[in-house]
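Geometric and topological summary
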Amino acid sequence: MPHEPDHTDGNSLAGPLAEILSVDATTGWWRCPECGRSGPVAQLHVYGPEPGLTARCPGCAHIALRLVRAGDHVWLSMGGPADTFRFPVASRPPDATP
Ligand SMILES: [Zn+2]
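Residues numbered from 1 in each chain as written. Predicted model: local features only at pLDDT ≥ 70, side-chain atom pairs only at ≥ 80, totals over all residues.

What about the overall build of the chain?
Put simply, the rule is: Numbering of helices and strands runs from the N terminus, with a helix taken as a DSSP run of H or I at least four residues long and a strand as a DSSP run of E at least two residues long. To assign burial, the other C-beta atoms lying within 10 Å of each residue's own C-beta are counted, with C-beta atoms placed from the backbone; 20 or more indicates buried, 12 or fewer indicates exposed, and intermediate counts indicate partly exposed. Each residue is represented by a C-beta atom placed from its backbone, and any two residues with such atoms within 7 Å are regarded as in contact.
Along the backbone of the chain there are one helix and seven strands. Going from N to C terminus, the chain has its helices and strands arranged as α-β-β-β-β-β-β-β. Buried positions account for 4% of the 98 residues belonging to the chain. Put simply, 21% of the contacts in the chain that link residues at least 6 apart link residues at least 24 apart.

Okay, structure coming up:
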């Protein structure tokens with residue numbers, strides 16, 4: 001009897017992720033794991049643009065999000081260095097701001 005896999009491949013995330021990634025992310029809600037402050041992403045304090053954008057908690061400066069535009073890709077880290085994703089985007093000059 002063949003073994004049934006207990007998982008699907010990453011293509012099964014296409015629909016659920018498309019719902020999240022197609023919205024205006026600044027309307028999302030964020031809660032700081034350090035100080036407990038919460039609020040819309042739009043209220044985070046953003047530093048940059050070089051070497052990328054860093055969004056910090058307005059209460060304690062904990063890093064909530066990092067975004068780096070590099071050529072035809074965007075590197076995104078949300079919540080910690082282990083939570084990094086890479087998304088293909090349209091190419092633009094390397095000296096353009098993120
Ligand atoms: Zn905080």
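A short note on the confidence of the model for the chain
A low pLDDT means the predicted coordinates there should not be read in detail. Filter applied, for reference: Per-residue confidence from the predictor is given as pLDDT, running between 0 and 100.
Confidence in the prediction for the chain averages 81 pLDDT; 81% of positions are at 70 or higher. No element of the chain has a lower mean pLDDT than strand β7 (residues 84-88), at 64, and none a higher one than strand β3 (residues 45-47), at 95.

Quick word on the environment of H73
Relative to the assigned elements, H73 resides in strand β6 (residues 73-78). Taking the C-alpha atoms as reference, H73 lies 5.3 Å from V89; in sequence the two are 16 residues apart.

Comments concerning unusual backbone geometry
For residues besides glycine, phi is generally negative; the peptide bonds are generally trans as well. The omega angle of the peptide bond from G48 to P49 is 15 degrees, so this bond is cis rather than trans. Following E50, the chain continues to P51 via a peptide bond in cis, the omega torsion being 0 degrees. The phi angle at A61 is positive, at roughly 70 degrees, despite the residue not being glycine. Assignment of secondary structure puts A61 in the loop between β4 (53-56) and β5 (63-70).

A short note on the pairing of β4
For a regular strand, the rule is simple: side chains alternate between the two faces of the sheet. Basically, it comes down to this: In this analysis, strands are considered paired if DSSP registers two or more bridges between them.
When β3 meets β4, the two strands line up antiparallel, connected through three bridges. When the sheet's bridge partners are listed, H45 is paired in β4 with R56. Between the antiparallel neighbours β3 and β4 lie five residues, among them G48 with a positive phi of about 150 degrees. In terms of strand pairing, β4 meets β5 through four bridges, oriented antiparallel.

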